[in-house]
Amino acid sequence: MFSSLTVHYNYYIVIVLMMVGLYAIFASGNMIKRLVGLSVFQTSVFLFYITIGKVLGGDPPILPEKDKSKDKTDYASDVVAAPSAAEQPLALEGQGGAGAPSLRDEQVAPAGEDLAPTTMQSASADASAGNVAGFTQDAAAYGDEKAGKFLDAGEALAAHNAAETPLATVDPGVVAATFPASALDATYSNPLPHVLILTAIVVGVATLAVGLALVVRVREAFGTIEDDDLNLAEHEADLVEAGR
Amino acid sequence: MAPPPPPPPETPETDSHLVLRVASKVLIPVILVYGLYVHFHADFGAGGGFQAGVIVAVAVMLYALLYGVEAARQAVPPVAVRIGCAAGVLLYGGVGVLSFFGRCPENPQSVCPYLDYNVLGEGYHGQHVGIILIEVGVLVTVASVVVAVFYAFAGRQPHLDEGKH
Amino acid sequence: MIDTLLAGAPDWALTHAAIMVVVIPMIASAIATVTFSGRLSWTIAFVAVLGALACSLIVLGQVREGDVPFVSYAIGGWVPPLGIQYLIDGLNAPILVLVSATALVCLLFAPFSVTAEIEKDKRSLFYATFLVAVAGLLGVAATGDAFNIFVFLEISSLSTYVLVAAGARRDRRALTAAFHYLILGTIGATFFVIGVGFLYMATGTLNLLDMARLFADDPDLSAATTVRAGYAFIVIGLGLKVALYPLHTWLPDAYARAPSLVSTFIAATSTKVALYALIRFQFAVFEPTQSFQALSLAWLIGPLAAAGLVIAAVQAVMQGNARRVLAYSSVSQVGYMLLGVALATYAGVAAGVLHLMTHALMKAALFMALGLVAARMDARRVTDLAGMARLMPVTAACFTIGGLSLIGVPLTAGFVSKFALFQAAAAAGAWWAVAAIAVGSLLAFVYVGRLLEVIYMREPTAECRAALSGKSTPILALSVLVFVAAANVGLGVDARFIESLAQGAASAVGLSPGGAS
């Protein structure tokens, strides 16, 4: 059990924060304390997302450019380079085991390594082969109704897209010309959870703002923000409403 | 209930916040510039529109804390703040709608979808310009909203006629 | 009608309709924020919702009659699953039309109601917030990306908290109701995002279609502990938003204390959109053949739905406030829909979606009728409605039609959906569900009957007469109400269109008639 604690300490912290926040929400008798509990609960979720995006030994996901002075002819190739730049940060070559997008929660992950698997890597590999390849599935595998119409949508979409000119196919030579090799081979932390958490933080701030505005209005309307007094006031109003 | 009359202007001998006021006169512009730095440096490090917007709002709030909410309202009028909230959203949405009018030969239907930055420039320059523009939109909206929330809380005159029973 | 719209629409509208349905209300809400006049704000809102309705009808037409039974839109030009994708198929196209049509109907009814219930200087922001709520709900329905669902869910929820609190002028308890709603709603959305985090951990993607593909490809993946944890969090989070039985406590207060316009709108849309998200995750993303999912549908969601059906109906009988009766009735009706979903058969899900649509229609009529009364006098208690049939006959008649539809009287829309639920439950052999539906209908008869008895059989009080004299309901608001009530009857007589929509929804998530999923 202690080995699990030292290896997965990040998840234990998330759980502790989550439970503290939820307890504060349920057990507090004051509106502001309840909002604080909500904030702690949301903070645990932020920590959860960020911790699954961390790659040990990974660099911040920023690509240095190789050469500032490019002549105009390279811009046409930048069109194909740009999408690949989005894929590079997901190259988790040496990390996390083999590329199959299967889950490894049964085994103890070595030294707190993140468990975000490499499906995006396979998606990027597919994308380099032909953009929408990662999005198709083998029609033969879904002969029966079990696949369902929802998955048929993906297949039809891929067929639809493949019939048109495919989007940017990546030419490895061009990519190598734009970015230094060391940048392409390096391992990066996953940037996507960070983006998701920025959004979630903004949502949390907005929720807190609305909640505190409601607390101010309740204070003015009722004269108190303690739960017991509020319940009493509401109960009296309910009795009036129920017909004396 | 009329707002209380403003306190008499303080002389340097009686001003107990002299150090703070002088320091803030130096610091508030620096804070604003730092906010813009955080915004433009987001390509290379932590930063972005939301963080920059909050820093800009902090400059306004510092001014309000030291000189009073009334002075801050004169410097940054509430009407401008309300318009700022919407202006950022309109900028972001406008960039998205702008992409409808471009030609994107890479796209199968040769019609640019919403928020496709390739219309703004070739190659990754389009992406660069697009991201900076939408982040400016985020900066303006976030700064305006945070200042608006501050004004709403700090300068509140309670409505005494709310539906009491 | 949809065909003429598709034929007459310009090319750019046909291409971009999928995104414009969300972008138009969002941009319009920003414009409405900077207008300081309530009337101008209402006009902007009206035009925007009309545009959103047109776009959603275009998308519905494209889904039903296009080459492929869905519309896909890649935002930013990034090919899915790398970018955010809007995927609109037979399941969510009707939801888009439902939300935008409800918003339009509410806006037509709005000027009369808002004038009575919201202060003058807050009206423009009220309409702006209303537009944000509409944009958020449409976004939840349109998007095909799991985290995007969370973002739009929170957008719609935050604006709904503000809209509910706007009822504080009439009843200060709207503030505490909004706060309670905020706490529980945020817990629900946060649970949902934790579930999405688990799914991202397991699959590495946020795109719903990609997740479905990965789960279908790899049974080990879809049975893994992380995925099960994600499933649990998502079901509980969305269950809170959909007002599944023990998680429904925010609903009665929020519906009862909000302004009438807001009650009408959120009663007809917010739980429906959350139910759509639940159906999408249950059947399209996760593999319903997995044992943990089948077990939870059969032993958790099914029994809770049946319990909520009965218990909420019993509570509805005992309420003293007319809008609380309708609110508890909403919890009960959500139980019907979830019962259909929990059966996990084609007929069950189709019946659930059918009930979703008819319930929106019924509740819109009922809340609107009460809203018209509330706009003319401060009516709260059931007894305040006494004798309304004499003083406001048309409103009372429309309320009656809505009530009969709620009970499930033949020739109304409610009968069609309840009968479909009966048939689905009987076909699946779930006799406990049949019993629950029967008991629920009986209790609906009791609480609706109680309201109708007060409206028709009692004498109006002198205060009522005094408050209602001298003002009359505007023709526009009254005609909107009559239209909605007539739609209840019209769809009860000829339900083929909504039945085809419901069947399209069930087949879009991969179920097929005549067999297990």
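Just so we're clear, the structure is a prediction, and the values are computed from it rather than from any experiment.

Colleague: Got a sec to walk through the overall build of chain C? Specific residues and values, please.
Modeller: The helix and strand inventory of chain C stands at 22 helices and two strands. Taken over C-alpha atoms, the radius of gyration comes to 22 Å for chain C, in line with the 24 Å a tight globule of 517 residues would show. Across its three principal directions, the C-alpha atoms of chain C cover 70 × 55 × 45 Å. Each of the 517 residues in chain C was classed as buried or not, and the buried ones make up 70%. Restricting the contact set of chain C to residue pairs at least 6 apart, pairs at least 24 apart contribute 80%. Accessible surface for chain C amounts to roughly 15,100 Å². Of this, 68% is attributable to carbon and sulfur atoms. Taken together, the 28 basic and 24 acidic charged side chains of chain C have centroids lying 14 Å from each other.

Colleague: Now, about the side chain of Asn92(C): what can you tell me, with residues and values included?
Modeller: Residues and elements named next belong to chain C. Relative to the assigned elements, Asn92 resides in helix H4 (residues 92-117). A polar side-chain atom of Asn92 sits 2.6 Å from the main-chain carbonyl oxygen of Ala141. What Asn92 contacts, discounting residues up to four positions off in sequence, is Leu87, Ala141, Ala142, Tyr276 and Arg280.

Colleague: With reference to specific residues and values, describe the confidence of the model for chain B.
Modeller: All names here are of chain B. For chain B, mean pLDDT is 84; residues scoring 70 or higher make up 84% of the total. Helix H5 (residues 123-154) is the least confidently modelled element of chain B, averaging 90 in pLDDT, while helix H2 (residues 49-67) averages 93, the highest of any element. Confidence over residues 160-165 falls short of pLDDT 50; this stretch has twelve contacts with residues more than four positions distant or in other chains.

Colleague: Please give an account of the packing of aromatic side chains that cites residues and values.
Modeller: Within the structure shown, the criterion is met by 23 aromatic pairs over all chains. With a centroid separation of 5.6 Å and an interplanar angle of 15°, the aromatic rings of Phe215(C) and Phe286(C) are classed as stacked. With a gap of 71 residues between them, Phe215(C) in helix H8 (residues 208-217) and Phe286(C) in the loop between helix H12 (260-285) and helix H13 (291-317) connect regions that are remote in the sequence. A single burial state applies to Phe215(C) and to Phe286(C), both of which are buried. Among the aromatic residues, those joined into a ring-pair cluster are Phe41(A), Phe48(A), Tyr49(A), Phe147(C), Phe150(C), Phe191(C), Phe198(C) and Phe233(C). Lying across the ring of Phe222(A), Arg172(C) places its NZ or CZ 4.1 Å from the centre.

Colleague: Lay out unusual backbone geometry in plain terms, naming residues and giving numbers.
Modeller: Residue and element names in this part refer to chain C. Residues other than glycine seldom take positive phi values, yet Ala243 does so here, at roughly 65°. The topology assignment puts Ala243 in the loop between helix H10 (225-242) and helix H11 (250-257). Judged by its relative accessible area of 1%, Ala243 falls in the buried class. A positive phi angle, near 60°, is found at Ala344, a position not held by glycine. Structurally, the position occupied by Ala344 is in the loop between helix H14 (322-342) and helix H15 (346-376).

Colleague: So what about the pattern of salt bridges? Which residues, and what values?
Modeller: One side chain can pair with another of opposite charge once the charged atoms of both are near each other. One pass over the structure, following the stated rule, counts 14 salt bridges over all chains. Here Arg496(C) and Asp494(C) are joined by a salt bridge, their closest N and O atoms 2.9 Å apart. On the basis of relative accessible area, Arg496(C) is assigned to the exposed category, the value being 62%. On the accessibility criterion, Asp494(C) (36% relative accessible area) is partly exposed. Sharing partners across several salt bridges, the network here consists of Asp238(A), Asp171(C), Arg173(C), Asp253(C), Arg257(C) and Arg324(C).

Colleague: Please give an account of the environment of Lys272(C) that cites residues and values.
Modeller: Residue and element names in this part refer to chain C. For Lys272, the position within the fold is in helix H12. Here the alpha-carbon distance between Lys272 and Leu137, two residues 135 residues apart in the chain, equals 9.6 Å. Polar side-chain contacts of Lys272 include one of 3.2 Å to the side chain of Thr271.

Colleague: So what's going on with the confidence of the model for chain C? Residues and values would help.
Modeller: For any part of a model where pLDDT is low, the fine detail of the predicted coordinates should not be relied upon. Chain-level pLDDT for chain C is 89 on average; 98% of the residues reach the 70-or-more range. As scored by the predictor, the complex reaches a pTM of 0.86 and an ipTM of 0.90.

Colleague: Account for the packing of H15(C) against helix H17 (residues 393-407) of chain C, naming residues and giving values.
Modeller: Residue and element names in this part refer to chain C. For the pair H15 and H17, the least separation of the axes is 9 Å and the interaxial angle reads 150°. The angle between H15 and H17 falls in the class roughly antiparallel. For the pair H15 and H17, the crossing hand works out as left-handed. Side by side, H15 and H17 meet where His359, Met362, Lys363, Leu366, Ala369, Leu370, Leu372 and Val373 of the first sit next to Thr395, Phe399, Gly402, Gly403, Ser405 and Leu406 of the second. In terms of residue class, the contact of H15 with H17 is made up of eight nonpolar, five polar and one charged.

Analysis parameters
Residues numbered from 1 in each chain as written. Chains lettered and ligands numbered in written order. Predicted model: local features only at pLDDT ≥ 70, side-chain atom pairs only at ≥ 80, totals over all residues. Heavy atoms only, no water. Helix = DSSP H or I, 4+ residues; strand = E, 2+ residues; numbered from the N terminus. Rg over C-alpha atoms; globule rule 2.2 N^0.38 Å. Buried < 20%, exposed > 50% of the residue type's maximum accessible area, 1.4 Å probe, protein only. Contact = heavy atoms within 4.5 Å. Areas by Shrake-Rupley, 256 points an atom, 1.4 Å probe, with all protein chains shown as cover. Lys, Arg positive; Asp, Glu negative; His and termini not counted. Charge placed at Lys NZ, Arg CZ, Asp CG, Glu CD. Polar contact = N/O pair within 3.5 Å; in protein donor to acceptor, adjacent residues only side chain to side chain. pLDDT = per-residue confidence, 0-100. Phe/Tyr/Trp six-rings, centres within 6.5 Å; stacked < 30°, edge-to-face > 60°. Lys NZ or Arg CZ within 6 Å of the ring centre and 35° of its normal. Salt bridge = Lys/Arg side-chain N within 4 Å of Asp/Glu carboxyl O. Axes fitted to C-alpha atoms, helices over the stretch in contact; angles between N-to-C directions. Parallel < 35°, antiparallel > 145°, perpendicular 65-115°, else oblique. Left-handed = near helix turned anticlockwise from the far one by under 90°. Nonpolar A, V, L, I, M, F, W, Y, C, P; charged D, E, K, R; others polar.

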